[in-house]
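Chain by chain, the residues:
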Amino acid sequence: MQIITARRLIIGKGKTVLANGAMCMENGQIRAVGDVKEIRQRFPQAPVCDYGDATILPGLIDMHIHVGDTQSRPDVEQGGDQLKLLYAASELSAALRRGVTAVRDVASEPGVCTALRQAAGMGFLRIPRIFTSGVALCISGGHGWPLRSVAQVNSPWKLREQVRSNIRDGADWIKAMGDSNLDAPEYTQEEFDAIVQECHRQGKKAAVHASFASTIDMCIRAGFDTIEHGIFMTPEQAAVMAEKGIAWVPTAMVCTRVARELEQMMEERGLKAESLTPDNVEVFLDVQKANSAADLRGLNTQTLRRVLFYRTVRAAYAERIQRFQRMGLTLLAGTDMVIGGTAPVPVEQEILCLAEYGLTAVEAIETATGNAARVLGLEGQIGTLEPGAAADVLVVGGDAAYDAAALQNTKEVFQGGCPLLNQAANK
Ligand SMILES: [Zn+2]
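Every value quoted in this text rests on a predicted model; they were computed, and no experiment measured them.

J.: Provide a residue-level description of the overall build of the chain, including the pertinent values.
T.: What the chain contains, in helices and strands, is 14 helices and 19 strands. Relative to the globule expectation of 22 Å for 427 residues, the C-alpha radius of gyration of the chain, 22 Å, shows essentially globular dimensions. With respect to the three principal axes, the spread of C-alpha positions in the chain is 75 × 55 × 45 Å. Counting over 427 residues, the chain shows a buried share of 49%. Within the chain, residue pairs in contact and separated by at least 24 positions form 66% of the contacts whose partners lie at least 6 positions apart.

J.: Give me the sheet that holds strand β3 (residues 17–19): which residues, what numbers.
T.: Sheet architecture is open: 6 strands sit in the order β3-β2-β7-β17-β18-β19, paired in mixed fashion. Because the sheet does not close on itself, it has two edges, and the strands there are β3 and β19 (418–419).

J.: Go over helix α6 (residues 189–201), please, and point to the residues and values.
T.: For α6, with 13 residues, the first-to-last C-alpha span of 18 Å sits near the 18 Å given by 1.5 Å per residue. Among the residues making up α6, those that are buried are Glu191, Phe192, Ala194, Ile195, Val196, Glu198 and Cys199. Turning to α6, the residues buried within the fold contact β11 (136–138), α5 (156–168), β13 (173–177), β14 (205–210) and α7 (213–222). The first or second residue beyond α6 is Gly203, which carries a positive phi of 75 degrees.

J.: Go over the nonpolar core with me, naming the residues and quoting the values.
T.: Across soluble globular proteins, you tend to see nonpolar side chains buried next to one another. Counting residues in hydrophobic clusters, the biggest one holds 132 residues, and the most contacted among them are Met23, Ile195, Ile351 and Leu354. In terms of residues, this core owes the most to one element, helix α9 (residues 252–268), which gives 7 residues. Looking at which domains feed residues into this core, each of domain 1 (2–58 + 386–419) and domain 2 (60–257 + 309–375) supplies at least three. Not counting the four nearest positions on each side in its chain, Ile195 is found in contact with Leu137, Leu159, Val163, Ile174, Ala176 and Ala206.

J.: So what about the pairing of strand β1 (residues 2–5)? Which residues, and what values?
T.: Pairing of β1 with strand β4 (residues 21–26) involves 4 bridges; the strand directions are antiparallel. Looking across to β4, one finds that Gln2 is bridged to Met25. Relative to strand β6 (residues 48–50), β1 is paired through 3 bridges, and the arrangement is parallel. Pairing of Ile3 across the sheet is with Val48, part of β6.

J.: Quick one: what's the story with the packing of α7 against helix α8 (residues 235–244), residue by residue and with numbers?
T.: Interhelical geometry of α7 versus α8 gives an angle of 20 degrees and a closest axis separation of 11 Å. The angle between the axes of α7 and α8 places the two elements in the roughly parallel class. With respect to the hand of their crossing, α7 and α8 are arranged in left-handed fashion. Between α7 and α8, the contacting residues are Ala213, Ile216, Asp217 and Ile220 on the first element and Gln237, Val240 and Met241 on the second.

J.: Give a detailed account of the sheet that holds β4, specifying residues and quantitative values.
T.: Here 4 strands make up an open sheet; going across it, the order is β5-β4-β1-β6 and the pairing mixed. Each edge of the open sheet carries a strand with a single partner, namely β5 (29–35) and β6. Sheet twist, expressed as the average angle between the axes of neighbouring strands with direction ignored, equals 20 degrees.

J.: Pulling in residues and values, what's your account of the domain arrangement of the chain?
T.: Taken domain by domain, the chain consists of domain 1 (2–58 + 386–419) and domain 2 (60–257 + 309–375). On the domain 2 side, the residues contacting the 20 residues of domain 1 number 18 residues. Sorting the residues of the side of domain 1 that touches domain 2 by element identifies β7 (54–58) and β18 (410–415) as the ones contributing at least two each. No other element matches the 3 residues that β18 contributes to the side of domain 1 that touches domain 2.

J.: Describe the environment of Val375, with residues and values.
T.: Inspection of the secondary structure assignment puts Val375 in helix α14 (residues 370–375). Between the C-alpha atoms of Val375 and Gly398, which are 23 residues apart in sequence, the distance is 29 Å. When sequence neighbours within four positions are dropped, the list of residues in contact with Val375 reads Asp225, Thr226, Ala247, Thr330 and Leu332.

J.: Can you break down the pairing of β13 residue by residue, with the values?
T.: Within β13, 5 of the 5 residues are buried, leaving the element largely enclosed by the surrounding structure. As defined by bridge partners, β13 adjoins β14 across 5 bridges and the pair is classed as parallel. Counted as the bridge partner of Ile174 is Ala206 from β14. Taking the sense of rotation as the criterion, the β-α-β connection linking β13, α6 and β14 turns out right-handed.

Here is what the cut-offs are and how they apply
Residues numbered from 1 in each chain as written. Predicted model: local features only at pLDDT ≥ 70, side-chain atom pairs only at ≥ 80, totals over all residues. Helix = DSSP H or I, 4+ residues; strand = E, 2+ residues; numbered from the N terminus. Rg over C-alpha atoms; globule rule 2.2 N^0.38 Å. Buried ≥ 20, exposed ≤ 12 C-beta atoms within 10 Å, placed from the backbone. Contact = placed C-beta atoms within 7 Å. Pairing = 2+ DSSP bridges. Expected span 1.5 Å × (residues − 1). Core = buried A, V, L, I, M, F, W, Y, C linked by C-beta atoms within 7 Å. Domains from an automatic or database assignment. Axes fitted to C-alpha atoms, helices over the stretch in contact; angles between N-to-C directions. Parallel < 35°, antiparallel > 145°, perpendicular 65-115°, else oblique. Left-handed = near helix turned anticlockwise from the far one by under 90°. Right-handed = clockwise from strand over helix to strand, strands pointing away.

As structure tokens, this is what we get:
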């Protein structure tokens, strides 16, 4: 039995933040949560660890990752399957030590997640809990088709068959690719319907990559449980999703990061990005060349279109995230960091990004805690600090209830009540 306490404790569900909150953990579970005086009185025999000016909150859940993805690591990719598996294990254990206690994998190569899960179950590895979709489904030549983490499957019955195979092989979810970078749904309505029906028939949930409104419409109709990216979702769609209990995983940080990097590249080259418009893409570089000493190396109209697209994406998030959350839509934190360049599974950065787009720090944290647990069907078991839940707990320095940036200051992580960093705290 162990009591931990800090200046504040975030429950992970709703707005509740306890000042001088404490919790008692026993046998891997949370026994009680409340005011420090009350908890000490109730469990006088339990040792108390006081983290001082810190925040205690539930371990974080990343709802959109690709376990073992090596798109940003060609060196690992070339090393073969065994190396890739070790890489995945190392990334996940590093993520756990930063407070990520559960992940939902939405496309990975066959067998990767089940092997990792088995190794963790046997005690060979300490990694976050993994919920996996196994390989994702796309049409022939559809989004992500060259990857081994994506299977090209067409027609309702072939899709049902693949759903069954995935479930046989350990999938908890099914992931479909609904569109790519164009406003053009890849599957037909009949195909989307078959995926979801087969999935629900077997008691599993379905996630879909859908960025554009026409695809999102079809996916809502089919009854998918989560919409991934959903960048150009309309307010009407958000309202229907809120009503039907379909959640949104905006993956805002990764797209915002790409947008920023492109803007920065323009700036570094002395180009005025704001003067680029959809109408002047073809002549933009010529005009710049004539007018200034700007560095135009490596730039072409394709790069400029990317700049424009990601500018639109950023504006879309800025318009939607706070507004749709206020409408009652369930938002979930998902990192989708296939581009590399950050710590593994940087869900704390997605939370910060959602806060920058207008959620309060506590609301943004809820997207990676209570909301995620509810959508995973594990309400009360993970993702919240309440009696009976697993003692997967994160302690960060500072006030995370006020400033989500505090999540980057990890003090301690408990997995099933077991401290992983063993930082000495004041008694
Ligand atoms: Zn993804």
